[in-house]
Amino acid sequence: MLNRRRLLAIGGAAVGGALILPEGLPAASTTAEVPRSFLPGGGHLSGHAVSANSVRPAAAVPAFSVEMPIPPVLQPFKADPDVDFYRLPIQPANVNVLPGLQTPALTFNGGFVGPTIRARTGRPVSLTVGNQLGEAANVHLHGGHVAAIHDGHPMDVIAPGGSRNYLYPNTQQGATLWYHDHSHHTEAEHVYYGMQGFYIIDDPAESGLNLPSGQYDVPIMLRDGLFGEDGSLLIGGDEPRNTILANGKPQPYFPVAARKYRLRLLNGALHREFFLNLGGATMYQIASDGGLLPAPVGRTEIRLSPAERTEIVVDFSRYPVGSSVVLGDSGSGPVIRFDITRTASDSSRIPSTLRALPALPTPTAVRDVRLLFDVSDPNNPLGTVNGNPFDPNRADVRIKRGTTEIWNVTNADPADFEVPHNFHMHLVQFRVLSRDGHAPDQDDLGRKDTVLIPPTKSIQVQATFGDHLGRYVYHCHYLEHSQMGMMAQMEIYS
């Protein structure tokens, strides 16, 4: 029988859930082995399996015993006057996540957090991706305004041994985006095993704001994982994903100077929410998914659901050299310890104004979108949008290019199942107008492309569909939900 426990396992906030798939979809392994087909020639990443019963406790690695790395910045192999050219292989690798152990992973360029691509507003990026797995895969630039052929549509995949080129025009304002696999039916496993990284658009329009930059501008990917005793990642079964990772390391420390830092925070987990705080100290939010806010907002806690990004400025000069401050999660405890190890000059600032949001155009249509599970077969629940599971041959809505629409998006699952959803729209950023008819939350500020919806609740968003034609998806970004069918297509026409 489908009960609250089972639906929580599909992707609730409190449980690090099992991956329960309807018949006909490939189930993830509950052993430490990455599924055979993911590897060239059908091979395994590890030579032996670890039973899901043999799970490392969260406390197996002492807190703050490893240093948090910063993902390396990928360098272009060629730069023409008008475009930068990059190569990014998809490949299996053994990575060092837990001290003294090797973790088999699926990676971009060999890193458990892929390399950061730093683009520039107005300057295109050409990205050639080669797939060295034994499984089809692809790349989606999450938050990118790109042509449909370059969006990383779930059905537009790179065959094993193949390659393809993605073109990102970077015509949007500066923002913290990210790239990840989006191959349908395997997106959750691919991302969980490591296929994700930062894509940061630097905007010359921000230069006059004098925000922290260079080594003081730090991207941090937060996620969780469940590990076997040999260090292998487990999808889960009934076990919660009990280890919190920051840039691929468990509860790390990070040395900082006594000055201001710009921290770009991304929730790269499949379904964990983070409630981030500095022990009551104020942090200044300056940006959300789609770039800068109109003005900094002082916060003592920030909620971050999967795929959401936030940028904060923290002034570590408030603390003496030799002291520490912890970024914590109110649900799971310490996440990162920042150690103030030195002094440094600081000419950066937190300006009183950042970047005004454009006026909202008059909407031309209003649509209703309902995210819910079809539980008519209790053993095989299906994710649906407006009652339908994803069908790549069906356009669920058709939208005229250049128009503006309001979407009322509802989490239609019963309250007693306590299963949240978070809504993500490809192609565009949107603005949150309201929550259940009330003002948006502080976590809804600015340009958004992903937003959390608790059970039985609704949000109202407004988006303008400019620039590109073709089919794009919108879905729940609890990737286990979209993998089960909670995804639909919009077709933009001229």
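Residues numbered from 1 in each chain as written. Predicted model: local features only at pLDDT ≥ 70, side-chain atom pairs only at ≥ 80, totals over all residues. Heavy atoms only, no water.

Re the overall build of the protein chain
- Secondary structure summary: the protein chain contains three helices and 32 strands in total.
- Looking at the 494 residues of the protein chain, the share that counts as buried comes to 59%.
- Relative to all contacts within the protein chain whose residues are 6 or more apart in sequence, the contacts with residues 24 or more apart total 76%.
- Carbon and sulfur atoms make up 51% of the accessible area of the protein chain, which totals about 17200 Å². (Helix = DSSP H or I, 4+ residues; strand = E, 2+ residues; numbered from the N terminus. Buried < 20%, exposed > 50% of the residue type's maximum accessible area, 1.4 Å probe, protein only. Contact = heavy atoms within 4.5 Å. Areas by Shrake-Rupley, 256 points an atom, 1.4 Å probe, with all protein chains shown as cover.)

Details of the nonpolar core
- Of all hydrophobic cores here, the largest spans 46 residues; its most connected members are Leu127, Val129, Tyr168 and Tyr199.
- Take this core: its biggest share by element is five residues, from strand E2 (residues 84-95).
- With residues near it in sequence (within four places) discarded, Tyr168 still touches Pro124, Val125, Leu127, Val139, Leu141, Val146, His150 and Tyr199.
- Membership of the second largest hydrophobic core comes to 33 residues, among which are Ile453, Ile459, Tyr478 and Met486. (Core = buried A, V, L, I, M, F, W, Y, C linked by side-chain atoms within 4.5 Å.)

Some remarks on the pattern of salt bridges
- Enumeration according to the criterion identifies 28 salt bridges in this entry.
- Glu480 is paired through a salt bridge with Arg241; the nearest N and O atoms lie 2.7 Å apart. Taken together, the residues Glu480 in helix H3 (residues 479-483) and Arg241 in the loop between strand E11 (233-234) and strand E12 (243-246) connect sequence positions 239 residues apart. Arg241 carries the same exposure label as Glu480, and that label is buried.
- Salt-bridge contacts for Arg259 lead to Asp346; the nearest nitrogen and oxygen are separated by 3.1 Å. Placement of the pair is Arg259 in the loop between strand E14 (253-258) and strand E15 (260-267) and Asp346 in the loop between strand E22 (333-343) and strand E23 (365-374), with a sequence separation of 87 residues.
- Of the residues examined, Arg259 reaches a relative accessible area of 5% and is grouped as buried.
- On the basis of relative accessibility, which here comes to 29%, the residue Asp346 falls in the partly exposed class.
- A single network of salt bridges, built from pairs that share partners, joins Arg118, Asp202, Glu206, Asp217, Arg262, Arg264 and Glu311. (Salt bridge = Lys/Arg side-chain N within 4 Å of Asp/Glu carboxyl O.)

Things to note about the packing of aromatic side chains
- Considering all chains together, one arrives at 14 aromatic pairs under this definition.
- Feature note: the residues Tyr216, Phe254, Tyr261, Phe316 and Phe338 constitute an aromatic cluster, connected by ring pairs.
- Taking the ring centre of Phe77 as reference, the NZ or CZ of Arg87 above it sits at 3.7 Å. (Phe/Tyr/Trp six-rings, centres within 6.5 Å; stacked < 30°, edge-to-face > 60°. Lys NZ or Arg CZ within 6 Å of the ring centre and 35° of its normal.)

Some words on the side chain of Ser183
- On the secondary structure map, Ser183 appears in the loop between strand E8 (175-180) and helix H2 (187-192).
- Overall, Ser183 belongs to the buried group, its relative accessible area being 2%.
- Within the structure, Ser183 has its side chain in polar contact with the side chain of Asp181 (distance 2.7 Å).
- Setting aside residues up to four positions removed in sequence, Ser183 forms contacts with Ala136, Ala137, Asn138, Pro154, Val157 and His190. (Polar contact = N/O pair within 3.5 Å; in protein donor to acceptor, adjacent residues only side chain to side chain.)

Let's talk about the sheet that holds strand E25 (residues 397-400)
- Taken in spatial order, the five strands of this open sheet run E25-E32-E31-E27-E29, and their pairing is mixed. At either end of the open sheet lies a strand with only one pairing partner, and these are E25 and strand E29 (450-453). Put simply, the sheet's adjacent strands are angled 25 degrees from each other on average, direction ignored.
- As paired elements, strand E27 (residues 421-425) and strand E31 (residues 470-476) share three bridges and run antiparallel to each other. Residue pairing in the sheet places Phe423 in a bridge with Cys476 of E31. (Pairing = 2+ DSSP bridges. Axes fitted to C-alpha atoms, helices over the stretch in contact; angles between N-to-C directions.)

With respect to the confidence of the model for the protein chain
- Averaged over every residue, the pLDDT of the protein chain is 90; residues scoring 70 or more account for 89%.
- Across residues 1-6, confidence stays below pLDDT 50; counting only partners more than four residues off in sequence or on other chains, it has 14 contacts.
- Confidence drops under pLDDT 50 across residues 12-50; counting only partners more than four residues distant or on other chains, this segment forms 116 contacts. (pLDDT = per-residue confidence, 0-100.)

Describing the sheet that holds strand E6 (residues 140-142)
- The strand order across the open sheet built from four strands is E4-E9-E8-E6, with neighbouring strands paired in mixed fashion. Where the open sheet ends on each side, the last strands, each with one partner, are strand E4 (114-120) and E6. Neighbour-to-neighbour, the strand axes of this sheet turn through a mean angle of 25 degrees, independent of strand direction.
- In terms of strand pairing, E4 meets strand E9 (residues 196-202) through five bridges, oriented parallel. The partner of Ala119 across the bridge, within E9, is Ile201.

A closer look at the pairing of strand E18 (residues 291-299)
- Bridge count for strand E17 (residues 283-288) against E18 is five bridges, and the pairing is antiparallel. Looking at E18, one finds that Met283 is bridged to Arg299.
- Counted between consecutive antiparallel strands, the loop separating E17 from E18 contains two residues.

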